[in-house]
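# An overview of the molecular structure
Spelled out, the chains give:
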Amino acid sequence: MKYKDLIEKMTLEEKASLMSGKDFWTTQNIDRLGISSMFLADGPHGIRKQAVASDKVGLNEGIPATCFPTAATVANSWNVELGEKIGEYLGEEAVAQKVNVLLGPGVNMKRNPLCGRNFEYFSEDPYLAGKMAAGYIRGVQSHGISACVKHFAVNNQEERRMAIDTIVDERTLREIYLTAFEIAVKEGKTKTVMTSYNKLNGTYTNENMHLMQDILRGEWDYGGVVVTDWGGSNDRVAGLLAGNELEMPTTAGETDQEIIQAIHNGKIKEEVLDESVDRLLELIFTTEEAYKKLHVEFDVERHHRVAQKAAEESIVLLKNEGNILPLKFGKKVAVIGDFAKDARYQGAGSSIVNPTILDHTLNCFEESGIISIGFESGFERYGKKNIEKINNACTLAEKADVVLLYIGLDEVTEAEGLDRQSMRIPENQIELLDALYKVNPNIVAILSCGSAVEMPWLDKVKGLLHGYLGGQAGARSILRVLSGDVNPSGKLAETYPLQYVDTPSLLHFSGKEVSVEYREGIFIGYRYYDTANIGVQFPFGFGLSYTTFEYSDIEVSKYGVTFKLTNAGRVAGMEIPQLYIGCKSNEIFRPNKELKGFTKIFINAGETKTVMIPFDEKTFRYFNVKTNKWEIEAAEYDIIIGASSADIRLTATMFVEGTGAPIPYDKHKLPSYYSGRVNDVGLEEFESLIGYKVPVPTWDRTQPLGYNDTIAQCQYAKGGFARLAYHAIVFAHRFFRKIGKRDTANLIMMSFYHMPFRGIARMTGGVVNMPMLDGILMIANGHFFKGLIHVLKERRKMLRNHNSVKPIGIGSRKKI
Ligand code: BGC
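The shown structure was predicted, so the numbers you read here are calculated from the model rather than taken from an experiment. (Residues numbered from 1 in each chain as written. Predicted model: local features only at pLDDT ≥ 70, side-chain atom pairs only at ≥ 80, totals over all residues. Heavy atoms only, no water.)

## Digging into the overall build of the protein chain
Looking only at helices and strands, one finds 24 helices and 28 strands in the protein chain. At 27 Å, the protein chain has a C-alpha radius of gyration in line with the 28 Å of a compact globule built from 816 residues. Reported as C-alpha extents along the three principal axes, the dimensions of the protein chain are approximately 75 × 65 × 60 Å. For the protein chain, the residues scored as buried account for 63% of the 816 residues in total. For the protein chain, the exposed surface amounts to about 29,900 Å²; the carbon and sulfur share of it is 53%. Both charge centroids of the protein chain, one from 95 positive and one from 102 negative side chains, sit 4 Å from each other. (Helix = DSSP H or I, 4+ residues; strand = E, 2+ residues; numbered from the N terminus. Rg over C-alpha atoms; globule rule 2.2 N^0.38 Å. Buried < 20%, exposed > 50% of the residue type's maximum accessible area, 1.4 Å probe, protein only. Areas by Shrake-Rupley, 256 points an atom, 1.4 Å probe, with all protein chains shown as cover. Lys, Arg positive; Asp, Glu negative; His and termini not counted. Charge placed at Lys NZ, Arg CZ, Asp CG, Glu CD.)

Okay, here's the thing in structure tokens:
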């Protein structure tokens, strides 16, 4: 242990006190030993440091910070160096705001397009997500502070995220859901990992020995800190045993006492606590050095320009019929769509940034050189029909050469804590498009949203530019691409299916009660569409440019692939060649091809460059569930270079020696997996894959409610009061939706409806403790008076205890 001497000076109470937060955002300090508290702040695309740290629920607005494009956007750049640059700038701002740990990036896989938090995640592909995340982490940590990769792991739905049990087979877990974390740990060298809220195969991730010990600490040799997601700790002692150093936010000392008791009664050895304290001290001391050395005022304008550059490189041109773009000089455009007035530039939830500057499309026209003849909003942002707006828009559109139509999803649709209800954009926007098409078919749509949407309207637009969520400079960046000042170079980091019903997880998303079964296994995103031969709207890795690229002269060696890339057009541009590998043997089921490398290259018009994409230790590996190890199958492999996953430009084959592992599967028991047609895998086949009987996915309505049951389950509670509370919540939710306050309605679902009972104690900063919660549960389970008396008695006890305790930070010892 590095801090053995210091730890020996600590009392047991002091050590335990370090294991949970002091308030919502900071950790405990011990002044007499020179241990300061750390500040942890969101988030992935900008610092959300709240002005009032003691805010009990963390909902205050943050201090202004640069709002960079969200991860879903930057992933489209496929530029790891750009990710690292953004990380550096985020890190600089974090240091300026004295933040020790920046809570990002998020690397959860986009298993299903409706996950409400997809805008905050990079990709459906673990290799791309991992590489981008590692770049961010290196950038943030270059300042000495810590990034925090999250949410470890299989947190792929938002609804019921604090209770859902994710049932997934080991190979899928490793190949799809953990690889990005592995890259973030090994290549990014993240100093902090945040566990997710959900369970993994029956155990909360934060207590899951297999995940936390065998894999994270064992195989990946991770020596940093693990923090719970906020309010995500279930059993503090089990968490500590699994290797969790820090529970956030504060529980007002309650769980510290649980640790102390566990040590007294021998459930935990004190050395386990000491080792956790040692790792936490390393994080505290190394990160505080950063802002002690350098307290900078960051250059707001410069950071804004970096946000703009990031957005420019991440915009994806999806359609350009008749080369309608870039807009020729002198063309008159009608600007239509509410999103042109108020750009949609980030998602909702804990990642929300209070931007330093915010570019507005309508203010940036003059500098873009595009001649705007006027603006009409055309539709109501939150979906209400408005014929007058459509008529006004059509009148304007008639006079224009080209219509620029700004459409997308509103800010409350893509939100943490909730999943989207459908993949469509609001109907009133489609009605507007239909009407505009009749008066002027020269339409360029500019789409703003952080995840895949259905596009049944695609035929009605000649141009389609996807800006995703471009951050505070996104609006200007889009105009620079429309005008041709910037040649678009983004490519999709996720597949756009033709329709939601095509998605492989359709029948098992989202888990509504106890569990969610990942029956599609390794076949998510393009791995499925490509293997099962399902047509898509836009494939993974797709994006157009104002120039064209030609690929030639592939050569393969044991080190990697080399080929030539020529810019055959008239303007300079950037191309993203992608390396996919396909195994020709069918002994072990696999996707047709998988991404194993990529690069981004700038090439002048007419120029040819030689490109090399190296192989690495992940290129040919698969996870063998018999040997419980990564193995290589001896086989012939396709080495594929594509401009997208569907646009294959060069191929070669190569034989690779294997590791000699036994074939892990019985082919006859897994026909869907061997064919890749996994959209309707039966229970028996899934159980063959997973190797055990999956738990009953529905609530046992006969059982009394417990700590981990959610408030939503009050619908079948024995106590009338609980059922009443349930109906009141449902009513309030409907009411707020009805009056158009969808953000309040969302908050009700996230903060009450889907919250487990234990969250009442874990998220209220000591207002309610666990013994009081026992009383609340008695009420919910039909013992109203007994429960009420219990709550009041425990509350009195808690207040008495509080009054007799002084906080550790001010120099005295905590009484127990
Ligand atoms: C989110 C995390 C976030 C934390 C702190 C949680 O609800 O899931 O991503 O970092 O809150 O705001």
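On we go from here.
## As for the pairing of strand S27 (residues 635-642)
With six of eight residues buried, S27 is to be regarded as a mostly interior element. Pairing of strand S21 (residues 578-583) with S27, which is carried by six bridges, proceeds in the antiparallel orientation. Paired with Ile-581 across the bridge in S27 is Ile-639. Where S27 lies against strand S28 (residues 648-656), eight bridges are found, and the strand directions are antiparallel. The residue bridging Ile-640 from the neighbouring strand is Thr-651, located in S28. (Pairing = 2+ DSSP bridges.)

## Some words on the sheet that holds strand S5 (residues 192-195)
The five strands lie next to each other as S1-S2-S3-S5-S8, forming an open sheet whose pairing is parallel. Every other strand in the sheet has two partners, leaving strand S1 (40-41) and strand S8 (225-227) as the edge strands with one partner each. Two strands pair when backbone bridges link them, and S1 and strand S2 (residues 101-102) are joined in this way by two bridges, in the parallel orientation. When the bridges of S2 are listed, Leu-40 appears paired with Val-101. Sheet contacts for helix H6 (residues 170-186): strand S3 (146-152) and S5; angle to S3, the most-contacted strand, approximately 165°. Set on the sheet, helix H10 (residues 270-293) makes contact with S2, S3, S5 and S8; between it and S8 the angle comes to about 95°. (Contact = heavy atoms within 4.5 Å. Axes fitted to C-alpha atoms, helices over the stretch in contact; angles between N-to-C directions.)

## Concerning helix H21 (residues 742-753)
Residues Arg-742, Ala-745, Asn-746, Ile-748, Met-749 and Tyr-753 constitute the buried set of H21. Down the axis, H21 shows its buried residues gathered within 155° of arc, on one side only. Taken together, the buried residues of H21 touch helix H20 (720-738). (Arc of directions from axis to C-beta.)

## Considering the side chain of Thr-73
Relative to the elements of secondary structure, Thr-73 occurs in helix H3 (residues 71-74). Within the local environment of Thr-73, its side chain forms a polar contact with the backbone oxygen of Leu-469, the two atoms lying 2.8 Å apart. Contact partners of Thr-73, with chain neighbours within four places excluded, come to Ser-314, Gly-467, Tyr-468, Leu-469 and Gly-470. (Polar contact = N/O pair within 3.5 Å; in protein donor to acceptor, adjacent residues only side chain to side chain.)

## Observations concerning the domain arrangement of the protein chain
Looking at the protein chain, the domain boundaries give domain 1 (4-46 + 64-292), domain 2 (303-491), domain 3 (532-671) and domain 4 (711-815). Between the C-alpha centres of domain 2 and domain 3 there is a distance of 33 Å. Across the contact, 20 residues belong to domain 2 and 18 residues belong to domain 3. Counting the surface domain 2 buries against domain 3, the share from its top three residues, Leu-318, Asn-487 and Lys-491, is 47%. At the boundary of domain 2 and domain 3, one finds two salt bridges. Residues Glu-575 and Lys-491 are paired through a salt bridge, measuring 3.0 Å at the closest nitrogen-oxygen approach. For the pair domain 2 and domain 3, the interface holds nine residue pairs in polar contact (both at pLDDT 80 or more). Looking at the side of domain 2 that touches domain 3, the elements with two or more residues in it are strand S9 (316-320) and helix H16 (474-483). Among the residues making up the side of domain 2 that touches domain 3, the classes are represented as twelve nonpolar, five polar and three charged. (Domains from an automatic or database assignment. Buried area = accessible area lost by both parts, 1.4 Å probe. Salt bridge = Lys/Arg side-chain N within 4 Å of Asp/Glu carboxyl O. Nonpolar A, V, L, I, M, F, W, Y, C, P; charged D, E, K, R; others polar.)

## Quick word on the sheet that holds strand S16 (residues 515-517)
Within the open sheet, the four strands sit side by side as S7-S6-S4-S16. Their pairing is mixed. Two strands close off the open sheet at either side, each with one partner strand: strand S7 (203-204) and S16. Bridge count for strand S4 (residues 165-167) against S16 is three bridges, and the pairing is parallel. Its bridge partner lying in S16, Asp-165 is registered against Ser-515.

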